[in-house]
Amino acid sequence: MGMEIEKKFIPKKLPENLSQFKHHKIEQAYLNTAPVVRIRKQDDEYYLTYKGGGMMAREEYNLPLDKKSYEHLREKADGNIITKTRYLIPIHDGALTAELDVFEGKFSGMLLVEVEFTSVEQADAFRKPDWFGEDVTHEKMYHNSFLSKL
């Protein structure tokens, strides 16, 4: 169990040399959206995640799944299956990581960048890099669980 503290932004532009950064192929689907119960395939790993309520800070639990369990649950998922490539981009001299999601499929062309923090104080003091655009942390339409229902 852990507390997830993150902020979300709409990038103004993509960082240069995007391909040089570590990245993951992600597919995720939702069994429930309130509370959030999500399954995710990240590269060759599979997870079931429960997220509590809240926008910037909320409880999060991750449980490992195997491929067979993931595929079984995927058939029971509601709404859109979300696919994206997540780039891990060091910011603030490597003290933080920007997770840039480039969406595919139904949401192709959509970009979202998230930064996770160790405390609410750290999140509140965060100064965004130039390529970050609008802060949409408190806009529920930028939560993947909301996109799954569109």
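Please refer to the structure higher up on the page.
Below: a short report on this structure. Being a predicted model, the structure only gives us computed values, none of them experimental. (Residues numbered from 1 in each chain as written. Predicted model: local features only at pLDDT ≥ 70, side-chain atom pairs only at ≥ 80, totals over all residues. Heavy atoms only, no water.)

1. Brief notes about the nonpolar core
Counting 18 residues, the largest nonpolar core has Ile89, Ala98, Val115, Phe126 and Phe132 as its most contacted members. If near-sequence neighbours (up to four positions away) are discounted, alanine 98 is found in contact with Tyr87, Leu88, Ile89, Ile91, Val113, Glu114, Val115, Trp131 and Phe132. (Core = buried A, V, L, I, M, F, W, Y, C linked by side-chain atoms within 4.5 Å. Buried < 20%, exposed > 50% of the residue type's maximum accessible area, 1.4 Å probe, protein only. Contact = heavy atoms within 4.5 Å.)

2. Details of the pairing of strand β1 (residues 2–11)
Buried residues dominate β1, accounting for seven of its ten residues. Where β1 lies against strand β8 (residues 111–117), five bridges are found, and the strand directions are antiparallel. Looking across to β8, one finds that isoleucine 5 is bridged to phenylalanine 117. Pairing analysis gives two bridges linking β1 to strand β9 (residues 132–135), with the strands arranged antiparallel. In the sheet register, proline 11 faces β9, and the bridge partner there is phenylalanine 132. (Helix = DSSP H or I, 4+ residues; strand = E, 2+ residues; numbered from the N terminus. Pairing = 2+ DSSP bridges.)

3. Looking at the pattern of salt bridges
If the charged atoms of two oppositely charged side chains come close together, the side chains can form a pair. What the rule picks out here adds up to twelve salt bridges. Aspartate 135 is the partner of lysine 7 in a salt bridge, and the nearest nitrogen-oxygen pair spans 3.9 Å. Taken together, the residues span a long stretch of sequence, with lysine 7 in strand β1 and aspartate 135 in strand β9 at a distance of 128 residues. Where arginine 86 meets glutamate 99, a salt bridge forms, and the shortest distance between an N and an O atom there is 3.3 Å. Here arginine 86, found in strand β6 (residues 78–91), pairs with glutamate 99, found in strand β7 (residues 96–103); they are 13 residues apart in sequence, far enough to count as distant. One exposure class covers both arginine 86 and glutamate 99, and it is buried. Connected through salt bridges with shared partners, the residues Glu4, Lys51, Arg58 and Glu60 form a single ionic network. (Salt bridge = Lys/Arg side-chain N within 4 Å of Asp/Glu carboxyl O.)

4. Section: the packing of aromatic side chains
In this structure the tally under the stated criterion is seven aromatic pairs. On the numbers, 5.0 Å between centres and 50° between planes, the contact of phenylalanine 9 with phenylalanine 132 is tilted. Of this pair, phenylalanine 9 sits in strand β1 while phenylalanine 132 sits in strand β9; the two residues are 123 residues apart in sequence, bridging distant segments of the chain. For phenylalanine 9, a relative accessible area of 3% puts it in the buried group. Given a relative accessible area of 1%, phenylalanine 132 falls into the buried group. (Phe/Tyr/Trp six-rings, centres within 6.5 Å; stacked < 30°, edge-to-face > 60°.)

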